[in-house]
Amino acid sequence: MKTKKLYINTIGCQMNVYDSEQIEKGLLSMNYKTTEYLDKADLILVNTCAIREKAEQKVFSFLGRLAGLKKKNPGLIIGVGGCVAQQEGEKILKRVPHIDVVFGTHAISRLPGIIKRVESKKCRIIDIGMSQKIEEIETVVNSMDNGKVSSFVTIMQGCDNYCTYCVVPYVRGRESSRDPESIVKEIQGLVNSGVREVTLLGQNVNSYGKKEGLCSFSELMARISKVKGLLRIRFTTSHPKDLSDDLILAFKDNEKLCSHIHLPVQSGSDRVLKRMNRKYTRGLYLEKVDKLRKICPDISITSDFIVGFPGETNADFKETLDLIETMKYESLFAFKYSDRPNAPASHFPHKISDQEKKDRLQKLLDFQERIKREKNQSMVGSTQVVLVEGLSKKQSSGGTSTAETQARESGTDVSKKADMQWTGRTSANKIVNFTADNRLISSIEPFAGNLVNIKIDKAFSHSLWGKYKNIKSIPLSLMAS
Ligand code: 5AD
Ligand code: SF4
């Protein structure tokens, strides 16, 4: 069968990255192999994000650019999937005449069948059907996973929280969790192909399994930690209202669980939190953080913020800055509020002007920058345990995770060149770039995927820089099943 070329543009969150990987794996059975070149593709898919207005604009500007390619090559198939596809449905086919396929967030397992039908019948297809229960996709671990050190694994879909600004419940549907057996099996397969770290994904992982009466999230992690060869577990995202005591305890009890939690607070003002329907107060959030820091003193906490929510006053915004000062986040993401279709806040009065939102965002980011710089600076001189992901981007043409393999395959003599530059992360999720004399590491093969000790020499705002000291021997408890 002739190999066909697939180009995927993934916009949005880690869940979309995972979904795109599933799409690639599914289409591999139809002999579609990914290409980095848009003009070489037989099939172009855009996996879209609807979380903020800006992300949606990005989708339509990319789709617009494809009109010329379709004109040149009428056999080209173009598909739009993910959250914007779910939200806009048929409207996309009308708005963008050169689109052949619109597939929603629950249609990924059906995509190969859809593409087959478009190929043979030359028709346009729309599939935005949603199911109550997450579909178990037969987990295929294949050549795509080779050389990967870290991998995402979606453990649940959807969200039942209905924060008033958020489109997710409408485009990703009701919350539904995967069976633990299937999750563990997928992770075992990934580890067998070389993966050493998994990030478990869900909109609100703390409520994993509750609805279905499966095991709790911390029990799921305990089961996952038994997978031999897996070194690290991460998860995202946690809703503060559901951060339970047993999950907090897991940071002490589960040796493989990294000391990092993403705990989006959105605002420091109780008045705003209430109107956002977040179901916690600033006080409750700080109480939970206190417990977390008592159990795991070096835990790194990151967060999301929305500025300019309808009705947010200067006093509310000051409370947000004050919370940031109190919390001393490792890092944070901040967004200007934007109206989303179906989300109740789009009908709220007292909208904030774009200029005001811009000013508040800049103030917030400047405020955090100082905290972050001080935090990173305090790490200079320390030794950090880093999971090596691959050669740093500087020394490879492609992504970092497969950089070592790429360098070897492309004939770069990894064993002779001294002071190669590598990249990895600490348990707290800090990016560390470092040099390692190749004579020191030549017997450790592959080098990516190992835990190593790195002496930190310099701190930048988004990463640390250091020198390789030695390999960290892995405690048997981390390896054994
Ligand atoms: N406007 C701005 N930011 C939003 N987010 C979600 N919805 C909106 C919106 N309508 C942000 C929240 C969330 C992150 C993924 O995106 O901070 O945690
Ligand atoms: Fe959106 Fe709130 Fe659900 Fe997060 S918890 S996905 S912000 S509705």
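These numbers come from a predicted model, not from an experiment.

Chemist: Can you help me understand the packing of helix H13 (residues 314-327) against helix H14 (residues 354-377) in this one?
Modeler: Describing two packed helices takes the angle between their axes plus the distance from one axis to the other. Packing of H13 against H14 brings their axes to within 10 Å, and their N-to-C directions diverge by 15 degrees. The angle between H13 and H14 falls in the class roughly parallel. Between H13 and H14 the crossing geometry is right-handed. Across the interface between the two elements, Asn314, Phe317, Thr320, Leu321, Ile324 and Glu325 from H13 touch Glu356, Arg360, Lys363, Leu364, Phe367, Gln368, Arg370 and Ile371 from H14. Within the contact of H13 with H14, the residues separate by chemical class into 6 nonpolar, 3 polar and 5 charged.

Chemist: Hey, could you run me through unusual backbone geometry in this one?
Modeler: Negative phi characterises most residues that are not glycine, and trans characterises most peptide bonds. Omega for the peptide link from Thr236 to Thr237 comes to 5 degrees, which places this bond in the cis form. The residue Thr237 is located in the loop between strand E11 (232-236) and helix H10 (245-253) in this model. Residue Pro446 is bonded to the preceding Glu445 through a cis peptide linkage, with omega at -5 degrees. By secondary structure assignment, the location of Pro446 is in the loop between helix H16 (438-441) and strand E18 (451-459). Phi is positive for Asn277, close to 60 degrees, though the residue is something other than glycine. Mapped onto the elements, Asn277 comes out in the loop between helix H11 (270-275) and helix H12 (282-295). In this model, Asn429 sits at a positive phi of 75 degrees, which is unusual for a non-glycine residue. With respect to the helices and strands, Asn429 occurs in the loop between strand E16 (420-426) and strand E17 (431-436).

Chemist: Where do I start with the site of ligand 1 in this structure?
Modeler: Near ligand 1, the surroundings consist of Ile51, Arg52, Tyr165, Gln266, Asp304, Ile306, Phe335, Lys336, Tyr337, Ser338 and Arg340. The side chain of Arg52 places a nitrogen or oxygen atom 2.7 Å from an oxygen atom of ligand 1. In this structure, a nitrogen atom belonging to ligand 1 sits 2.8 Å away from a main-chain N or O atom of Ser338. In the complex, the protein chains occlude 87% of the 400 Å² of accessible area that ligand 1 would expose alone. Elements represented by at least two residues in the shell around ligand 1 include exactly strand E13 (300-307) and strand E14 (331-336). For the shell around ligand 1, the residue count by class is 5 nonpolar, 2 polar and 4 charged.

Chemist: Any chance you could explain the sheet that holds strand E6 (residues 125-127) here in plain terms?
Modeler: Strand-to-strand pairing in sheets goes through backbone hydrogen bonds, with the strands running parallel or antiparallel. Pairing within the open sheet is parallel, and its 6 strands lie in the order E2-E1-E3-E4-E5-E6. At either end of the open sheet lies a strand with only one pairing partner, and these are strand E2 (32-34) and E6. For this sheet the average axis-to-axis angle between neighbouring strands, irrespective of direction, equals 20 degrees. Sheet topology places strand E3 (residues 43-48) next to strand E4 (residues 77-81); 5 bridges connect them, and they run parallel. Within E4, the position partnered with Leu45 by the bridge is Gly79.

Chemist: What's the story with helix H8 (residues 180-192) in this structure? I'm lost.
Modeler: In an α-helix, one turn spans 3.6 residues; hence positions three or four apart end up facing the same way. Its 13 residues give H8 an end-to-end C-alpha distance of 18 Å, which sits within 8% of 18 Å, the value for a rise of 1.5 Å per residue. Of the residues making up H8, those classed as buried are Pro180, Ser182, Ile183, Glu186, Ile187, Gly189, Leu190 and Val191. Tucked inside the fold, the buried residues of H8 contact helix H1 (14-28), strand E7 (150-154), strand E10 (197-201) and helix H9 (217-224). Positive backbone phi, at 115 degrees, marks Gly194, one or two positions downstream of H8.

Chemist: Just checking my understanding: could you explain the side chain of Asn433 for this structure?
Modeler: Summarising the element assignment, Asn433 is placed in strand E17. For Asn433, a relative accessible area of 18% translates into the label buried. Every residue in contact with Asn433, bar those within four places of it in the chain, is listed here: Ser392, Trp422, Thr423, Ser463, Leu464, Trp465 and Gly466.

Chemist: What exactly am I supposed to notice about H12 here?
Modeler: When the terminal C-alpha atoms of H12 are compared, their 20 Å separation across 14 residues agrees well with the 20 Å that a helix rising 1.5 Å per residue should span. In the core, the buried residues of H12 are packed alongside H10, strand E12 (260-262), H11, E13 and H13.

Chemist: Sorry, what's going on with the side chain of Ser238 here?
Modeler: Mapped onto the elements of the fold, Ser238 is located in the loop between E11 and H10. Look past the residues within four positions of Ser238 in its chain and what remains in contact with it is Asn204, Val205, Asn206, Ile261, His262, Leu263 and Pro264.

Chemist: Just checking my understanding: could you explain the environment of Arg439 for this structure?
Modeler: Relative to the helices and strands, Arg439 resides in helix H16. For Arg439, a relative accessible area of 66% translates into the label exposed. Sequence separation between Arg439 and Arg65 is 374 residues; the distance between their C-alpha atoms is 48 Å. Within polar-contact distance, the side chain of Arg439 engages the side chain of Asp437 at 2.8 Å.

Chemist: Teacher, can you tell me more about the sheet that holds E17 here?
Modeler: The strand order around the closed barrel built from 5 strands is E15-E16-E17-E19-E18, with neighbouring strands paired in mixed fashion. Geometrically, the sheet is characterised by an average inter-axis angle of 50 degrees between neighbouring strands, direction not taken into account. Relative to E18, strand E15 (residues 383-391) is paired through 5 bridges, and the arrangement is antiparallel. From the neighbouring strand, Leu387 faces E18, where its bridge partner is Leu451.

Chemist: Honestly, the confidence of the model for the protein in this entry has me stumped. Any pointers?
Modeler: As a general rule, the predicted coordinates of low-pLDDT regions are not to be interpreted in detail. Counting all residues, the mean pLDDT for the protein is 91, and 91% of those residues have values of 70 or more. Low pLDDT, under 50, characterises residues 397-412; the stretch is placed with 30 contacts to residues that sit more than four places away or in other chains.

Chemist: How should I be thinking about the packing of H10 against H12 in this particular structure?
Modeler: Closest axis-to-axis distance for the H10/H12 pair is 8 Å, and the angle between their directions is 25 degrees. By the angle between their axes, H10 is roughly parallel relative to H12. The two elements H10 and H12 cross, and the hand of that crossing is right-handed. Only Lys288, Lys291, Leu292 and Ile295 of H12 make contact with H10, whose side of the interface consists of Asp245, Ile248, Leu249, Phe251 and Lys252. Among the residues making up the contact of H10 with H12, the classes are represented as 5 nonpolar, no polar and 4 charged.

Rules of the game
Residues numbered from 1 in each chain as written. Chains lettered and ligands numbered in written order. Predicted model: local features only at pLDDT ≥ 70, side-chain atom pairs only at ≥ 80, totals over all residues. Heavy atoms only, no water. Axes fitted to C-alpha atoms, helices over the stretch in contact; angles between N-to-C directions. Helix = DSSP H or I, 4+ residues; strand = E, 2+ residues; numbered from the N terminus. Parallel < 35°, antiparallel > 145°, perpendicular 65-115°, else oblique. Left-handed = near helix turned anticlockwise from the far one by under 90°. Contact = heavy atoms within 4.5 Å. Nonpolar A, V, L, I, M, F, W, Y, C, P; charged D, E, K, R; others polar. Near = heavy atom within 4 Å. Polar contact = N/O pair within 3.5 Å; in protein donor to acceptor, adjacent residues only side chain to side chain. Areas by Shrake-Rupley, 256 points an atom, 1.4 Å probe, with all protein chains shown as cover. Pairing = 2+ DSSP bridges. Expected span 1.5 Å × (residues − 1). Buried < 20%, exposed > 50% of the residue type's maximum accessible area, 1.4 Å probe, protein only. pLDDT = per-residue confidence, 0-100.

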